[in-house]
Amino acid sequence: GAVVSQHPSRVICKSGTSVKIECRSLDFQATTMFWYRQFPKQSLMLMATSNEGSKATYEQGVEKDKFLINHASLTLSTLTVTSAHPEDSSFYICSARRTGTDNGKTEAFFGQGTRLTVV
Amino acid sequence: GQQLNQSPQSMFIQEGEDVSMNCTSSSIFNTWLWYKQDPGEGPVLLIALYKAGELTSNGRLTAQFGITRKDSFLNISASIPSDVGIYFCAGRTGTASKLTFGTGTRLQVTL
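Please read all numbers here as calculations on a predicted model, not as lab measurements. (Residues numbered from 1 in each chain as written. Chains lettered and ligands numbered in written order. Predicted model: local features only at pLDDT ≥ 70, side-chain atom pairs only at ≥ 80, totals over all residues. Heavy atoms only, no water.)

**Student:** Before we move on, could you go through the overall build of chain B and cite the residues and values that matter?
**Tutor:** From N to C terminus, chain B includes zero helices and eleven strands. Listed N to C, the secondary structure of chain B is β-β-β-β-β-β-β-β-β-β-β in terms of helices and strands. The C-alpha radius of gyration computed for chain B amounts to 13 Å, which stays within 12% of the reference 13 Å derived for 111 residues, consistent with globular compactness. With the C-alpha coordinates of chain B rotated into their principal frame, the extents come out at 40 × 30 × 20 Å. Burial status across chain B gives 42% buried among its 111 residues. By sequence separation, contacts in chain B at least 24 residues apart represent 54% of the contacts at least 6 residues apart. When the accessible surface of chain B is summed, it comes to about 5200 Å², and 51% of that surface belongs to carbon and sulfur atoms. Across chain B, 8 positive and 8 negative side-chain charges occur, with their mean positions spaced 14 Å apart. (Helix = DSSP H or I, 4+ residues; strand = E, 2+ residues; numbered from the N terminus. Rg over C-alpha atoms; globule rule 2.2 N^0.38 Å. Buried < 20%, exposed > 50% of the residue type's maximum accessible area, 1.4 Å probe, protein only. Contact = heavy atoms within 4.5 Å. Areas by Shrake-Rupley, 256 points an atom, 1.4 Å probe, with all protein chains shown as cover. Lys, Arg positive; Asp, Glu negative; His and termini not counted. Charge placed at Lys NZ, Arg CZ, Asp CG, Glu CD.)

**Student:** Tell me about the pairing of strand S7 (residues 67-73) of chain A, and name the residues and values.
**Tutor:** All names here are of chain A. The pairing of S7 with strand S8 (residues 76-81) spans five bridges and is antiparallel. Along S8, the bridge assignment pairs Asn70 with Thr78. Adjacent in sequence and paired antiparallel, S7 and S8 are bridged by two residues. (Pairing = 2+ DSSP bridges.)

**Student:** Could you give an account of the interface of chain B and chain A, with specific residues and numbers?
**Tutor:** Between chain B and chain A, the residue contacts involve 23 residues of the former and 22 residues of the latter. Across the chain B to chain A interface the summed buried area is about 1700 Å²; carbon plus sulfur atoms make up 55%. The three residues of chain B that bury the most area against chain A are B:Tyr50, B:Lys98 and B:Phe101, which together make up 26% of that side's buried surface. The interface formed by chain B and chain A holds two salt bridges in total. The salt bridge partner of B:Lys98 is A:Glu59, with a shortest N-O separation of 2.6 Å. Summed over the shared surface of chain B and chain A, the result is six residue pairs in polar contact (both at pLDDT 80 or more). Looking at the side of chain B that touches chain A, the elements with two or more residues in it are strand S4 (31-37) and strand S9 (85-92) of chain B. Among the elements that line the side of chain B that touches chain A, the one with the most residues is S4(B), at four residues. Partitioned by chemical class, the residues of the side of chain B that touches chain A number nine nonpolar, ten polar and four charged. (Buried area = accessible area lost by both parts, 1.4 Å probe. Salt bridge = Lys/Arg side-chain N within 4 Å of Asp/Glu carboxyl O. Polar contact = N/O pair within 3.5 Å; in protein donor to acceptor, adjacent residues only side chain to side chain. Nonpolar A, V, L, I, M, F, W, Y, C, P; charged D, E, K, R; others polar.)

Given below as structure tokens:
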């Protein structure tokens, strides 16, 4: 089956530094990728929709200058948390939709998530 | 952002019992999805529903797309220990639009 891989799976960083999280579709091309954030014991909240070759679309309340998204190829999207603070500590999950399947009956595949801890 | 309401919030059941959980919304959705998330992992798709009234099974799992398009339920029959996890419903309005996730149902199975 289709595989979406995130790297790193866990990262600890100091407050004020930036962290980059990668989301790769390993065996398919993905024009669209999605980034979610999940706080402990809570649901997944969509942060932004990433489209290859264009600017990401951010959800209301998500700071685009703090959460930089780059989708430079059909198999890779990156999320950079800039000037991270302890309140940014969370579980970040991406999903990727196979190119050409925007038919409403093919679902995106999720990565395994990245646990970010800011100290 | 908008969330779907799931109930119950958590369940403690014995192995072999059947489980039922549901998801409700104030808005209409054209697609309902059910996911399972294990600790420290991303969600895995269990069942997808694309038509109002549709009833779909995947092994011991059965889900239905409510006729009003504002709700869905998931049943798990004869639960086993590996069913432990958090179950999320998710809804989508258009063909390529974003998913809205439910609040989750945490399932614990005791031997």
